[in-house]
Amino acid sequence: MAPGVLSALGWRVALVFLAALFLGLTLGGLAWWLFAGALGLFLYLAYAAWGLEQWLRTGKRRSEAAADGVLAAVYADIVQLKQRARRRKKRFNRLLREVRDSTDAMHDGGVILNADMEITWLNDAASRLLGLDRSRDQGQHITNLVRHPDFVAYIEQAEFSEKLKMPGPRRNTHLSVQLIPYGNQQKLLIVQDFTREVRLEHMRRDFVANVSHELRSPLTVIAGYLESLGDENSLDEVWREPVTEMQRQVARMNSIVHDLITLSRLEAAERPAGQEPVDVPGMLGQLHRDALARRERPGELELRLETPALVRGEEQELHSVFSNLLNNALRFTPADGRIECRWWQDERGLHFSLTDTGIGIPEALIPRVTERFFRVDSGRAREVGGTGLGLAIVKHALLRHGGQLEIQSRPGEGSTFTCHFPPSRVVLPADEVVQDAGEAH
Amino acid sequence: MDTSDFGHHISSRFNEDLDRLRNSVLAMGGLVESQLQRAVEAVVRGDSELGLAVARDDQRVDRMEIEIDQACSRIIATRQPAAGDLRLIMAIIKAITDLERIGDEAEKIATLATRLATMERPADRYRELASLAAQVQEMLRAALDALARLDAKAAVQTLAMDEQVDREYDSITRQCITFMMEDPRTIGRVMNVTWVARSLERIGDHAKNICEYVVYMVHGRDVRHLDQARVARELARPTAEGQG
């Protein structure tokens, strides 16, 4: 360890002062000798400072001369500082490289955007998925290069809690993107490739639709023959019962195929349902009358229309929503039970609820009842008929109308199914004309 | 001190204006790209509803053209841009005209799609059209990317893609003529197919124009109506006024 600057300077000053004193006393002119000594010291210090400055500027290694000069301690400290900085830099570089390597290894793309939505950083996957060029696109406004209108609209809104699904810039790719704000108005854009999922989903959908269509014609032929067979007078009595049973089963298969086709059509439709005003109160009234006309039905069957409001949407789909719900309730409610339907409106939109005193659904199974072919009690459900697709159809049709299905139930006590329609789809009968005129601008 | 600060303020506002202008041109480009993509999808899938939606959305493109046009006039009137800035604005005014035309062609394709949807579909599901459309879409994307990055080199490369588009258009036309001669009953449908191909080919030409504006914007060289070799020679020539 080099001696400190003060001690190094101290003995030099003392030595010069003593020498000047000695020379001044022996040769006379003490003041001049002291002045010369001070000047010498000053020049020496100036030289040392200049040397330090040169060394710092040129950045050379510490010279031997400086090592034992007056500033030796300063040199030593600076060298140490430099070494420490160099080590820290190395560590940071390594860390940075690791972060970069790991983000490049990610399958999902990541883009960091500044407050002005300009690209400040992106990883490999992002440049691949979005067709960006890492070396040149920093500082570009993101929507200049990712130009899909849906994405531009997504970026411009203030709320990013939802993911956006959009086609990628490369052909036949599908991306899901989400913007996550963080820090000082910076944003992280996460990009995921779900082309494979979309393709699988398409394949599954096409398969179901094709199978259902293919099954339809053989079923029609079988049903036709069974019908003429049942009408045949010469048919042996032994075969009478089996033929009737076959007819029943064919009818069931027919309705399953019919429901499957309905369901796959609902799923395949990518755009939301149309905007035609549909007279739901009239539709419910008709369904109610049909239900009352049934021979086997619960004793109490009530319909309360509290609002004349209509819903914008597709008539056929809405009809299948309500008829499926009502038929379900009729099927699972005993003759001494009761069914109550209600159509009402509040500030959150339009609602249809159906309360029955049927067998109910165990709470754990409620989320699953809208799955295809899911049955709470398989033996019983088949006994009362139904395809197992009704609630799936209800769910999908409601989704296409921006609506939701809510189910509350208690085993043994009954269930309440509620359909919610958003305010944007509400039409009041009086302003139907006004609304149509208002759409023009 | 005061005046320089004032000047700086103005020029940064000016820069902001130019940036915003470029952003809106590219937003319009994005809309046109998606219009084209949806129109082609309507043809290939025989989806008449989608075709109608595309035709309806064309007015959004028209509206954007008018807005950007006005913004350009305003900037010219209030800022009196010079050199590179002026070239940028001139190029943008021209580019939006081409984008609007591409929008119109997409609308045409969409309308033809609604008509084709009602007719019998060929076994190959318009594979040739889909392939031509893929090329044109790629060309439009590359042209807009070049515009966003002000990348003259990419623009020149994109110009070259037009030849391939033209070749494919020719082959589709020849194929259509063969179909019509073989079976006159298909004439109605095949005529519609040729019109779709024609529109796609026109879109390729408009994309080419956009690339030429990019070259003009970056180098100040007019490369319109030149063939490939002369474009390259023109760009290799040293500039008299420098790269400003």
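Source: prediction; values computed, not measured. (Residues numbered from 1 in each chain as written. Chains lettered and ligands numbered in written order. Predicted model: local features only at pLDDT ≥ 70, side-chain atom pairs only at ≥ 80, totals over all residues.)

1. Quick word on the overall build of chain B
Going by this rule: In this description a helix means any DSSP run of H or I spanning at least four residues, a strand means any run of E spanning at least two, and both kinds are numbered starting from the N terminus. In this scheme the burial state of a residue depends on its C-beta neighbours within 10 Å: 20 or more other such atoms mean buried, 12 or fewer mean exposed, and anything in between means partly exposed; the C-beta positions come from the backbone. Residues are treated as contacting if the C-beta atoms built from their backbones sit within 7 Å of each other.
When you go through chain B residue by residue, the secondary structure sums to seven helices and zero strands. Burial analysis of chain B (244 residues in total) assigns 39% to the buried set. Across chain B, every contact between residues at least 6 apart in sequence was considered, and the portion connecting residues at least 24 apart equals 79%.

2. Examining the overall build of chain A
In terms of regular secondary structure, chain A is built from 14 helices and 13 strands. The long-range share in chain A, meaning contacts at least 24 apart out of those at least 6 apart in sequence, stands at 58%.

3. A short note on unusual backbone geometry
Phi is positive for F373 of chain A, which is not a glycine, with a value near 60°. Relative to the assigned elements, F373 of chain A resides in the loop between β10 (349-356) and α12 (378-383). Of note, the phi angle at Q80 of chain B is positive, near 45°, even though the residue is not glycine. As for its position among the elements, Q80 of chain B is in the loop between α2 (48-79) and α3 (83-117). Overall, the presence of 9 C-beta atoms within 10 Å leaves Q80 of chain B in the exposed class.

4. Things to note about the pairing of strand β11 (residues 404-410) of chain A
Residues and elements named next belong to chain A. Note the threshold: Strand pairing is assigned whenever DSSP identifies at least 2 bridges connecting the two strands.
With seven bridges connecting them, β11 and strand β12 (residues 414-421) associate as antiparallel partners. Residue pairing for β12: Q404 is matched across the bridge by H420. Connecting the antiparallel pair β11 and β12 is a turn made up of three residues, with G412 showing a positive phi of about 85°.

5. Quick word on the sheet that holds strand β5 (residues 186-193) of chain A
Residue and element names in this part refer to chain A. Threshold: Note on geometry: axes are C-alpha line fits, over the in-contact stretch for helices, and angles between N-to-C directions span 0 to 180 degrees.
Spatial ordering of the open sheet is given by β2-β1-β5-β4-β3, a layout of five strands whose pairing is antiparallel. Edge strands, defined here as strands with exactly one partner in the open sheet, are β2 (119-122) and β3 (164-167). Strand-to-strand, the axes of this sheet are offset by a mean angle of 25°, without reference to chain direction. When strand β4 (residues 174-182) meets β5, the two strands line up antiparallel, connected through eight bridges. Its bridge partner lying in β5, Q178 is registered against I190. Against the sheet, helix α7 (residues 149-156) touches β3 and β4, its axis set at about 155° to β3.

6. Quick notes on the sheet that holds strand β6 (residues 277-278) of chain A
Residue and element names in this part refer to chain A. Taken in spatial order, the three strands line up as β6-β8-β13 in an open sheet, and their pairing is antiparallel. The strands lining the two open edges of the sheet, one partner per strand, are β6 and β13 (426-427). Taken together, the two bridges between strand β8 (residues 310-312) and β13 define a ladder with antiparallel strand orientation. Within β13, the residue paired with V311 across the bridge is V426.

7. Re helix α8 (residues 195-231) of chain A
The test is simple: One less than the residue count of a helix, multiplied by 1.5 Å, gives the span that helix is expected to have.
The terminal C-alpha atoms of α8 of chain A, which comprises 37 residues, lie 54 Å apart, in line with the 54 Å expected from a rise of 1.5 Å per residue. Of all 37 residues in α8 of chain A, zero are buried, a share of ten percent or less.

8. Comments concerning the interface of chain A and chain B
Under the convention used in this document: As a working rule, the residues Ala, Val, Leu, Ile, Met, Phe, Trp, Tyr, Cys and Pro are called nonpolar, Asp, Glu, Lys and Arg charged, and the rest polar, with Gly in that last group.
Between chain A and chain B, the residue contacts involve 13 residues of the former and 16 residues of the latter. Those elements that provide at least two residues to the side of chain A that touches chain B are α6 (142-145) and α7 of chain A. No other element matches the three residues that α6 of chain A contributes to the side of chain A that touches chain B. When grouped by side-chain class, the residues that make up the side of chain A that touches chain B number five nonpolar, five polar and three charged.

9. Concerning the environment of L266 of chain A
Looking at the secondary structure, you find L266 of chain A in helix α9 (residues 237-268). In this structure the C-alpha to C-alpha distance between L266 of chain A and R400 of chain A, which are 134 residues apart in sequence, comes to 7.8 Å.

10. Comments concerning the pairing of β5 of chain A
Each regular strand carries side chains that alternate between the two faces of the sheet. Residues and elements named next belong to chain A. Where strand β1 (residues 109-113) lies against β5, five bridges are found, and the strand directions are antiparallel. Paired with G110 across the strands is I190, a residue of β5. What sits between the antiparallel neighbours β4 and β5 is a turn of three residues, in which G183 has the positive phi angle 50°.

11. Considerations on the nonpolar core
Threshold: Note on terminology: a nonpolar core is any set of buried Ala, Val, Leu, Ile, Met, Phe, Trp, Tyr and Cys residues joined through C-beta atoms within 7 Å.
Judged by nonpolar contacts, the single largest core of 86 residues is most densely connected at M28, A39, V43, A143 and V214 of chain B. Ranked by residues supplied to this core, first place goes to helix α6 (residues 187-219) of chain B with 15 residues. The contact partners of A39 of chain B, leaving out residues within four places of it in the chain, are V54, A106, I109, A110 and A113 of chain B. Counting residues in hydrophobic clusters, the runner-up holds 37 residues, among them A309, L325, I339 and C419 of chain A.

12. Examining the packing of helix α5 (residues 152-182) of chain B against α6 of chain B
All names here are of chain B. Under the convention used in this document: Any angle that is under 35 degrees is reported as roughly parallel, and any over 145 degrees as roughly antiparallel; angles of 65 to 115 degrees are reported as roughly perpendicular and all others as oblique. Working rule for handedness: look at the near helix, and if it is turned counterclockwise from the far one by less than a right angle, call the crossing left-handed; if clockwise, right-handed.
With their axes 9 Å apart at the nearest point, α5 and α6 run at an angle of 165° to one another. Judged on the interaxial angle alone, α6 and α5 are roughly antiparallel. Judged by the sense of rotation from one axis to the other, the crossing of α5 with α6 is left-handed. Class assignment for the residues of the contact of α5 with α6 results in 18 nonpolar, five polar and five charged.

13. Digging into the packing of helix α4 (residues 127-149) of chain B against α5 of chain B
Residues and elements named next belong to chain B. Between α4 and α5, whose axes approach to 10 Å, the crossing angle comes to 165°. As far as their axial angle goes, α5 and α4 are roughly antiparallel. α5 is crossed by α4, and the crossing has left-handed handedness. Where α4 abuts α5, its residues E128, S131, L132, Q135, V136, M139, A142, A143, D145, A146 and R149 lie against A154, A155, T158, M161, D162, Q164, V165, E168, Y169, I172 and Q175.

14. Section: the confidence of the model for chain B
All names here are of chain B. As a reminder, the rule being used: The quantity called pLDDT is the predictor's confidence in a given residue, expressed from 0 to 100.
For chain B, mean pLDDT is 85; residues scoring 70 or higher make up 91% of the total. Residue range residues 240-244 is modelled with pLDDT below 50. Its contacts to residues more than four positions away, or to other chains, number three contacts. We note a pTM of 0.66 for the whole complex and an ipTM of 0.78 for its interfaces.

15. Some thoughts on the environment of G69 of chain A
One can find G69 of chain A in the loop between α3 (64-67) and α4 (72-105). For the pair G69 of chain A and L9 of chain A, spaced 60 residues apart in sequence, the C-alpha to C-alpha distance is 9.4 Å.

16. Details of the environment of V40 of chain B
Residue and element names in this part refer to chain B. Relative to the helices and strands, V40 resides in helix α1 (residues 2-45). On the neighbour-count criterion, V40 (25 C-beta atoms within 10 Å) is buried. Placed 10 residues apart in sequence, V40 and L50 show a C-alpha to C-alpha distance of 9.9 Å. The residues touching V40, leaving out its near neighbours within four places in the chain, are I109 and A133.

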